Amino acid sequence: MRKRHSPEQIAAALRQADAGTPVGEIVRKLGIHENTLYTWKRRFGGLGTPEIRELRQLREENTKLKQIVADLSHDRKMLQEIISKKL
């Protein structure tokens, strides 16, 4: 089961890790795997809560925009094929 943790939870976990709290204790509290914490550390290392939230929103928006571009490219290709068949 995949859980999404809030930017506040991620930032708090990273602050605890930086403060010296044992990794085992942090992952037990959040119910995550140790690798997840290290992934968060790699991704969001020096960021605070607002930056994490903004980064997540930008990534979601980027994914949506990529899908829109792919759909439009597909539509354009189909229209060009129709036009070339008529000529």
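For the structure itself, consult the block above.
Here the residue numbering is sequential within each chain, running from 1 through the sequence in written order. Local features in this predicted model are restricted to residues whose pLDDT is 70 or higher, and side-chain atom pairs enter the listing and the counts only when it is 80 or higher, whereas totals over whole chains, interfaces and linings include all residues. Think of the side-chain values as coming from all heavy atoms in the structure, minus any hydrogens and water.

### Some details on the packing of helix α2 (residues 23-30) against helix α3 (residues 34-44)
Helix-helix packing is described using two parameters, namely the angle between the two axes and the distance between the axes. At a minimum axis distance of 9 Å, the contact between α2 and α3 shows a crossing angle of 100 degrees. It follows that α2 is roughly perpendicular to α3 by the angle criterion. Between α2 and α3, the contacting residues are Val23, Ile26, Val27 and Leu30 on the first element and Glu34, Leu37, Tyr38 and Trp40 on the second. Of the residues in the contact of α2 with α3, the class split is seven nonpolar, no polar and one charged. All axes are obtained by fitting lines to C-alpha atoms, using only the stretch in contact for helices, and the reported angles, taken between N-to-C directions, cover 0 to 180 degrees. The way it works is that DSSP assigns letters per residue, a run of H or I at least four long becomes a helix, a run of E at least two long becomes a strand, and they are numbered from the N terminus. Note on angle classes: values under 35 degrees are labelled roughly parallel, values over 145 roughly antiparallel, values of 65 to 115 roughly perpendicular, and the remainder oblique. We call two residues in contact when some of their heavy atoms are within 4.5 Å. Residues are sorted three ways: Asp, Glu, Lys and Arg are charged, Ala, Val, Leu, Ile, Met, Phe, Trp, Tyr, Cys and Pro are nonpolar, and all the rest, Gly among them, are polar.

### Overview of the nonpolar core
Counting residues in hydrophobic clusters, the biggest one holds 13 residues, and the most contacted among them are Leu37 and Trp40. Of all the elements in the fold, those that place two or more residues in this core are α1 (7-19), α2 and α3. Element by element, the count of residues in this core is highest for α1, at five residues. In this view, Leu37 contacts Ala13, Leu14, Val23, Ile26, Val27 and Ile32; residues no more than four positions away in its chain are not counted. What is meant by a nonpolar core is a set of buried Ala, Val, Leu, Ile, Met, Phe, Trp, Tyr and Cys residues, joined one to another through side-chain atoms within 4.5 Å. Buried residues are those whose accessible area, probed at 1.4 Å on protein chains only, stays under 20% of the maximum for their type, while exposed residues exceed 50% and partly exposed ones sit between those limits.

### Some words on the pattern of salt bridges
Just to be clear on terms, a salt bridge is a Lys or Arg side-chain nitrogen sitting within 4 Å of an Asp or Glu carboxyl oxygen. A complete count under the given rule lists three salt bridges for this structure. Residue Arg4 is joined to Glu60 by a salt bridge in which the shortest nitrogen-to-oxygen separation is 3.5 Å. On the criterion of sequence distance, the pair formed by Arg4 in the segment before α1 and Glu60 in helix α4 (residues 49-86) is long-range, its members being 56 residues apart. Classification of Arg4 as exposed rests on a relative accessible area of 59%. Between Arg53 and Glu8 there is a salt bridge, and its shortest N-O distance comes to 2.1 Å. Of this pair, Arg53 sits in helix α4 while Glu8 is found in helix α1, placing the two residues 45 residues apart along the sequence. The class of Glu8 is partly exposed, set by a relative accessible area of 38%.

Note that every value here comes from positions in space, so none of it alone points to a role or purpose.
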